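# Summary of the model geometry
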Amino acid sequence: MNLILLGPPGAGKGTQALKICKSFNLTHISTGDLLRDETKSESELGNQIKSIVESGNLVSNEIILKILKKFIDGNNNQNGFLFDGFPRNKEQSLLLNKLMNEINFKLDGVIMLDVNKDLLLDRILKRKKDEGRADDNEEVLQNRLRIYLEETQPLIEIYENENLLIKIDGVGEINQVNQRINTRLESL
Ligand code: AMP
C-alpha cells in the first residue's frame, strides 16, 4: 500500500505518519526530515537549503526529487511507502506519479488531516518547545500556512477527483485521530 499524508503545518502529520507506518508496515518518507538531516550534516546541499527551510519557503522540485530518489534507491521495502510532506504542489504530484510508475507502484490513498488554523499555531508553538525546530515560530508559520493554502491545498481537489482522498478530522487525542485513520485504511 502506498499513501500520501497531506495537511497544513502543525496538523500532526509526523506523529500520525509514524503510527500508520508501524501498523501497516510502510516506509516513512518525510521530505522535511530528509532536508533537516541534510542541513544537519552540513553537506554542500545542506548548506544550500538551510536558509530556505528555515524561512518556510519551498525547496526546489529538482532538489526534492534528488533526495527522494536517493532515499527510495537505498530502500527496498516492497510493502509500500507513506509520503509525508510530499507532494507539496502540482508539479510535485506529477513527479510522484512518474516516480511511482518507474518502480511499478500505485498510489492507494491520500490522507488529508483536517485541523483548524487556531489550533495549528498552538501545536506548532508546543512543538518548538519540544523539538526546537528553527521554522517553528509564528512568523515562519504564517509563511508556511500561506504556501500551504496557495500551493498544496489545490492538490486536495485533484486527489478527490481521482477518488483517492481520505479526509480525516485531525482534532482530538493522538490515538483517537489514529483510530479514525486506521478504520478508513482497513477498508481500502
Ligand atoms: P515539514 O517537515 O514537512 O514541515 O517541512 C519543513 C520544511 O522543509 C518546509 O517548510 C520546506 O521548507 C521544506 N520542505 C519539506 N518538504 C518539501 C517539499 N516536498 N517541497 C519543498 N520543500 C519542502
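Below is a summary of the structure that appears in this document. (Residues numbered from 1 in each chain as written. Predicted model: local features only at pLDDT ≥ 70, side-chain atom pairs only at ≥ 80, totals over all residues. Heavy atoms only, no water.)

### So, the overall build of the chain
Within the chain, the secondary structure is distributed over nine helices and five strands. Reading the chain from its N terminus to its C terminus gives the helix and strand order β-α-β-α-α-α-β-α-β-α-α-α-β-α. For the chain, whose C-alpha radius of gyration is 16 Å, the value lies close to the compact-globule estimate of 16 Å for 188 residues. C-alpha extents for the chain along the principal axes are approximately 40 × 35 × 30 Å. A buried classification covers 48% of the 188 residues belonging to the chain. Considering only residue pairs separated by 6 or more positions, the chain has 74% of its internal contacts joining residues 24 or more positions apart. As presented, the chain carries roughly 10,200 Å² of accessible surface, and 47% of it is formed by carbon and sulfur atoms. Within the chain, one finds 25 positive and 29 negative side-chain charges whose respective centroids are separated by 2 Å. (Helix = DSSP H or I, 4+ residues; strand = E, 2+ residues; numbered from the N terminus. Rg over C-alpha atoms; globule rule 2.2 N^0.38 Å. Buried < 20%, exposed > 50% of the residue type's maximum accessible area, 1.4 Å probe, protein only. Contact = heavy atoms within 4.5 Å. Areas by Shrake-Rupley, 256 points an atom, 1.4 Å probe, with all protein chains shown as cover. Lys, Arg positive; Asp, Glu negative; His and termini not counted. Charge placed at Lys NZ, Arg CZ, Asp CG, Glu CD.)

### Brief notes about the site of the ligand
The immediate surroundings of the ligand are formed by 17 residues, with Thr31, Arg36, Asn57, Gly85 and Gln92 found nearest. Within the contact set of the ligand, an oxygen atom lies 3.3 Å away from a side-chain nitrogen or oxygen of arginine 133. For the ligand, whose accessible area on its own is 480 Å², the fraction buried by protein is 96%. Looking at the shell around the ligand element by element, the count peaks at four residues for helix α2 (residues 31-40). (Near = heavy atom within 4 Å. Polar contact = N/O pair within 3.5 Å; in protein donor to acceptor, adjacent residues only side chain to side chain.)

### Focus on the sheet that holds strand β2 (residues 27-30)
Across a sheet, strands are paired by hydrogen bonds formed along the backbone, either parallel or antiparallel in direction. Here five strands make up an open sheet; going across it, the order is β2-β3-β1-β4-β5 and the pairing parallel. Each end of this open sheet is capped by a strand with a single partner; those strands are β2 and β5 (165-169). Averaged over neighbouring strand pairs, the angle between their axes works out to 20° when direction is ignored. Sheet analysis places strand β1 (residues 3-6) next to strand β4 (residues 109-114), joined by four bridges and oriented parallel. (Pairing = 2+ DSSP bridges. Axes fitted to C-alpha atoms, helices over the stretch in contact; angles between N-to-C directions.)

### Re the pairing of β2
With burial as the criterion, each face of β2 is covered, one bearing Thr27 and Ile29 and the other bearing His28 and Ser30. Sheet topology places β2 next to strand β3 (residues 81-84); four bridges connect them, and they run parallel. Note on β3: the bridge partner recorded for histidine 28 is leucine 82.

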